[in-house]
Amino acid sequence: MYLAATLRHRNKIRQLRDSLPAPLHSTSRWLDLDPLTRPSCQFDAGIALNRHAARLCLEDVRRSKALIAMEFSRRSTGLSVEIGCALAAGIPVIYVGEPSCSFDMLPEVTLVPNVDSAIETALTWAGN
């Protein structure tokens, strides 16, 4: 499972990752990257590190069997890119929350009201 959310909700997603029931597991390495320790000035390594982090996310989406996207608040551009990457690769998406764009209404996107429903859906898919 790739767990997608905005960076400000990383700690909630880490808790979710740590509580995923077998056979589910997370491919989301972004959860262990600490943006507060990365340089962010255009004259230092910040740009290279941000590019590296983005590439890791895209790789992790592509190696997942499904993506769970969390809508805690306003959707970030990064979250939209991760969802788009999954859809383009034929990876099904479980979206927690209300649809916010036409892509959320595609048949490859399963809308669920909460995280528990997302896990239940993922477990059903894993059993097939």
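Quick caveat, the model's predicted, so the values are computed rather than measured.

How each quantity is defined
- Residues numbered from 1 in each chain as written.
- Predicted model: local features only at pLDDT ≥ 70, side-chain atom pairs only at ≥ 80, totals over all residues.
- Heavy atoms only, no water.
- Helix = DSSP H or I, 4+ residues; strand = E, 2+ residues; numbered from the N terminus.
- Contact = heavy atoms within 4.5 Å.
- Areas by Shrake-Rupley, 256 points an atom, 1.4 Å probe, with all protein chains shown as cover.
- Buried < 20%, exposed > 50% of the residue type's maximum accessible area, 1.4 Å probe, protein only.
- Arc of directions from axis to C-beta.
- Pairing = 2+ DSSP bridges.
- Expected span 1.5 Å × (residues − 1).
- Salt bridge = Lys/Arg side-chain N within 4 Å of Asp/Glu carboxyl O.

S.K.: Looking at this structure, how should I read the overall build of the chain?
M.R.: When helices and strands are counted, the chain shows four helices and four strands. Listed by position from the N terminus, the elements making up the chain come as β-α-α-β-α-β-β-α. The long-range fraction of contacts in the chain, counting pairs at least 24 apart against all pairs at least 6 apart in sequence, stands at 59%. Total accessible area on the chain stands at roughly 7,400 Å², and carbon and sulfur atoms take up 55% of it.

S.K.: In this structure, what is going on with helix 1 (residues 10–19)? I would like to understand it.
M.R.: For an α-helix the count is 3.6 residues per turn, leaving residues at separations of three or four pointing the same way. Within the sequence span of helix 1, burial applies to Arg-10, Ile-13 and Leu-16. Down the axis of helix 1, the buried set is contained in an arc of 115°. They therefore lie on one face. In helix 1, those exposed residues whose orientation departs by more than 90 degrees from the buried face are Asn-11, Gln-15 and Asp-18. Where the residues of helix 1 are buried, they touch strand 1 (2–4), strand 2 (67–70) and helix 4 (115–127).

S.K.: Before we go on, may I ask you to explain the pairing of strand 2 in this structure?
M.R.: Every other side chain in a regular strand lies on the same face of the sheet, so the side chains alternate between the two faces. Burial along strand 2 is two-sided: Leu-67 and Ala-69 and Ile-68 and Met-70, pointing in opposite directions, are all buried. Where strand 1 and strand 2 come together, three bridges link them in parallel fashion. Paired with Tyr-2 across the two strands is Leu-67, which belongs to strand 2. Where strand 2 and strand 3 (residues 93–96) come together, four bridges link them in parallel fashion. Pairing of Ile-68 across the sheet is with Ile-94, part of strand 3.

S.K.: Would you explain helix 3 (residues 77–88) in this entry?
M.R.: Helix length check: helix 3, at twelve residues, gives a terminal C-alpha distance of 16 Å against a target of 16 Å (1.5 Å per residue), a fit within 8%. All of the buried residues in helix 3 are Leu-79, Glu-82, Ile-83, Cys-85, Ala-86 and Leu-87. Remark: Gly-90 follows helix 3 within two positions and exhibits a positive phi of approximately 80°.

S.K.: Quick question: what am I supposed to make of the pattern of salt bridges here?
M.R.: When the charged atoms of two side chains lie near each other, side chains of opposite charge can form a pair. Applying the stated criterion across every chain, the model contains five salt bridges. Its salt-bridge partner being Glu-59, residue Arg-29 comes within 3.2 Å of it at the nearest N-O pair. Of this pair, Arg-29 sits in the loop between helix 1 and helix 2 (46–62) while Glu-59 sits in helix 2, placing them 30 residues apart in sequence. The partly exposed category is assigned to Arg-29, whose relative accessible area is 33%.

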